[in-house]
Amino acid sequence: MKETLVSIVKKEEINLNLINMDELLQFMMQNIGNLDAYLRDDLIYRGSGELILNEKLTVEQLIVLLNTCMDDKHLYLNITHNCPSDDVFTRSFSALVIALILGKDRQNRKLPEAPILEAIQRSVDYLKLEKDYRGFVHEKGWAHAVAHGSDLLAEAIAHPLMKDRHLCHKALQSLKSCLHTDYAFIDDEEERMLPVIDALLDKRLTDEQLLAWVKDLNEIEVEDWHTKYRYEWNVKKFEGTLLRHLLKTNKCVLTTNWIIEA
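Summary of the structure given here. (Residues numbered from 1 in each chain as written. Predicted model: local features only at pLDDT ≥ 70, side-chain atom pairs only at ≥ 80, totals over all residues. Heavy atoms only, no water.)

Re the overall build of the protein chain
Along its length, the protein chain carries twelve helices and two strands. Seen in sequence order, the protein chain has helices and strands lined up from the N terminus as α-α-α-α-α-α-β-β-α-α-α-α-α-α. Here the protein chain has a C-alpha radius of gyration of 19 Å; the compact-globule value for 262 residues is 18 Å, and the two agree. When each of the 262 residues of the protein chain is scored for burial, the buried share is 51%. (Helix = DSSP H or I, 4+ residues; strand = E, 2+ residues; numbered from the N terminus. Rg over C-alpha atoms; globule rule 2.2 N^0.38 Å. Buried < 20%, exposed > 50% of the residue type's maximum accessible area, 1.4 Å probe, protein only.)

What follows is the structure in structure tokens.
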């Protein structure tokens, strides 16, 4: 299976008709959170991208892949456990594969509405439920659940079937829950959150609504001084990144001016 994935990733000339694609996909899903970073990142994730984006999978195979990635053994694997664990790799890389599928389906609608709508709902909930905020893990590679979850959330919002205004509000609350944590983000997580904001603005989030949310981010009612300091660190980093982005794109004058003055 590894040899097949190497060939796919390297774009070698192979006859996919000679490959049992169902078995290959099953292998990939069983190892999507493998602690071998080469297998997980370079072969399974990149291989998924080659197969999905280049339309090498049938609609039926895409549906199976989507349903598997977003189930309780993948995207939500032990997500209610508070202690950091290796399960985060399964959750985080399942999020990336779902993002690939949603992104491709956004460009070329082929999949049925039901699994797409469920994926959108679970994508919004995922980032709020995820509590393992580690970026790079020594000897295991990138967990980066907040970054990958933000990638997923941005694709979910951008999908044409995302029409629920309540879900857009929940998406902002999911970002807030990530920023209001005593884990200090140091691996550019705030940069990966920006596409979520852009996707929401494309779905008619107003400057006034964004400003209200940014102001709410600064309402930090935490008694422990160090925890509050970490919350403020994350919020400041995000606001600085958001400000540069808004200035560059000439978006949201009210929010821009408020951040500058604040």
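As for the pattern of salt bridges
Pairing is possible between side chains that carry opposite charge, provided their charged atoms lie close to one another. Counted by the stated rule, this structure contains 15 salt bridges. With a closest N to O distance of 2.8 Å, D72 and R122 form a salt bridge. Of this pair, D72 sits in the loop between α4 (59-69) and α5 (87-107) while R122 sits in helix α6 (residues 113-129), and the two are 50 residues apart along the sequence. Its relative accessible area of 15% is what places R122 among the buried residues. Here R91 makes a salt bridge to E130, at a shortest N to O gap of 2.7 Å. Within this pair, whereas R91 is found in helix α5, its partner E130 is found in the loop between α6 and β1 (136-137), the two being separated by 39 residues in sequence. Accessibility assignment for this pair places R91 and E130 in one class, buried. (Salt bridge = Lys/Arg side-chain N within 4 Å of Asp/Glu carboxyl O.)

Describing the nonpolar core
Ranked by internal contacts, the top residues of the largest apolar core, which has 83 residues, are M28, I98, I197 and W213. Among the elements that take part in this core, α5 stands out by supplying eleven residues, more than any other. Here M28 is in contact with L5, I44, G47, S48 and L51, once residues within four sequence places are set aside. (Core = buried A, V, L, I, M, F, W, Y, C linked by side-chain atoms within 4.5 Å. Contact = heavy atoms within 4.5 Å.)

Some words on unusual backbone geometry
Even without being glycine, D188 reaches a positive phi, approximately 65°. Tracing the sequence through the fold places D188 in the loop between α8 (165-179) and α9 (189-202). The phi dihedral of C252 falls on the positive side, at around 55°, and the residue is not glycine. You can see C252 is positioned in the loop between α11 (225-249) and α12 (253-261). What makes C252 buried here is its relative accessible area of 12%.

Focus on the packing of helix α1 (residues 2-9) against helix α2 (residues 21-30)
When two helices pack together, their arrangement is given by the angle between their axes and by how far apart the axes lie. Close contact between α1 and α2 brings their axes to 11 Å; oriented N to C, the two are set at 95°. Considering the angle they form, α1 stands roughly perpendicular to α2. For the pair α1 and α2, contact is made by K2, T4, L5 and I8 and by L24, F27 and M28, respectively. Class assignment of the residues belonging to the contact of α1 with α2 gives a composition of five nonpolar, one polar and one charged. (Axes fitted to C-alpha atoms, helices over the stretch in contact; angles between N-to-C directions. Parallel < 35°, antiparallel > 145°, perpendicular 65-115°, else oblique. Nonpolar A, V, L, I, M, F, W, Y, C, P; charged D, E, K, R; others polar.)

Brief notes about the packing of α6 against helix α7 (residues 145-158)
Where α6 contacts α7, the axes come no closer than 9 Å and their chain directions differ by 150°. α7 is crossed by α6, and the crossing has left-handed handedness. Counting all contacts with α6, which are made through I120, S123, V124, Y126 and L127, the residues of α7 involved are A145, V146, G149, S150, L152, L153 and A156. When the residues that make up the contact of α6 with α7 are grouped by side-chain class, the tally is nine nonpolar, three polar and no charged. (Left-handed = near helix turned anticlockwise from the far one by under 90°.)

Comments concerning the packing of aromatic side chains
Each pair of aromatic rings is reported with the distance of its centres and the angle of its planes. For the structure on display, the rule yields five aromatic pairs. Relative to Y183, the ring of Y133 lies with its centre 6.5 Å away and its plane at 45°, an arrangement referred to as tilted. Here Y133 is found in the loop between α6 and β1, whereas its partner Y183 is found in the loop between α8 and α9, with 50 residues between them in sequence. For Y133, a relative accessible area of 7% gives the class buried. (Phe/Tyr/Trp six-rings, centres within 6.5 Å; stacked < 30°, edge-to-face > 60°.)

Details of helix α10 (residues 207-217)
The α-helix winds at 3.6 residues per turn, so residues separated by three or four positions along the chain end up facing the same way. Regarding α10, the residues found buried are D207, L210, L211, W213, V214 and L217. Projected down its long axis, α10 carries its buried residues within an arc of 160°, all on one side. The elements touched by buried residues of α10 are α8, α9, α11 and α12. (Arc of directions from axis to C-beta.)

Things to note about a nonpolar patch on the surface
Judged by side-chain polarity, I186, W225, Y229 and W233 come together as a nonpolar surface patch covering roughly 520 Å² of accessible area. For W225, the position within the fold is in helix α11. (Patch = residues over 30% accessible without salt bridge, like charges linked within 9 Å, V, L, I, M, F, W, Y side chains within 5 Å. Areas by Shrake-Rupley, 256 points an atom, 1.4 Å probe, with all protein chains shown as cover.)

A few points about α9
The buried fraction of α9 amounts to ten of the 14 residues, a majority that puts the element mostly inside the structure. Of all the residues in α9, the buried ones are E189, E190, M193, L194, V196, I197, D198, A199, L200 and L201. Residues of α9 that are buried sit in contact with α7, α8, α10 and α11. Of the residues trailing α9, R204 is marked for its positive phi of about 75°.

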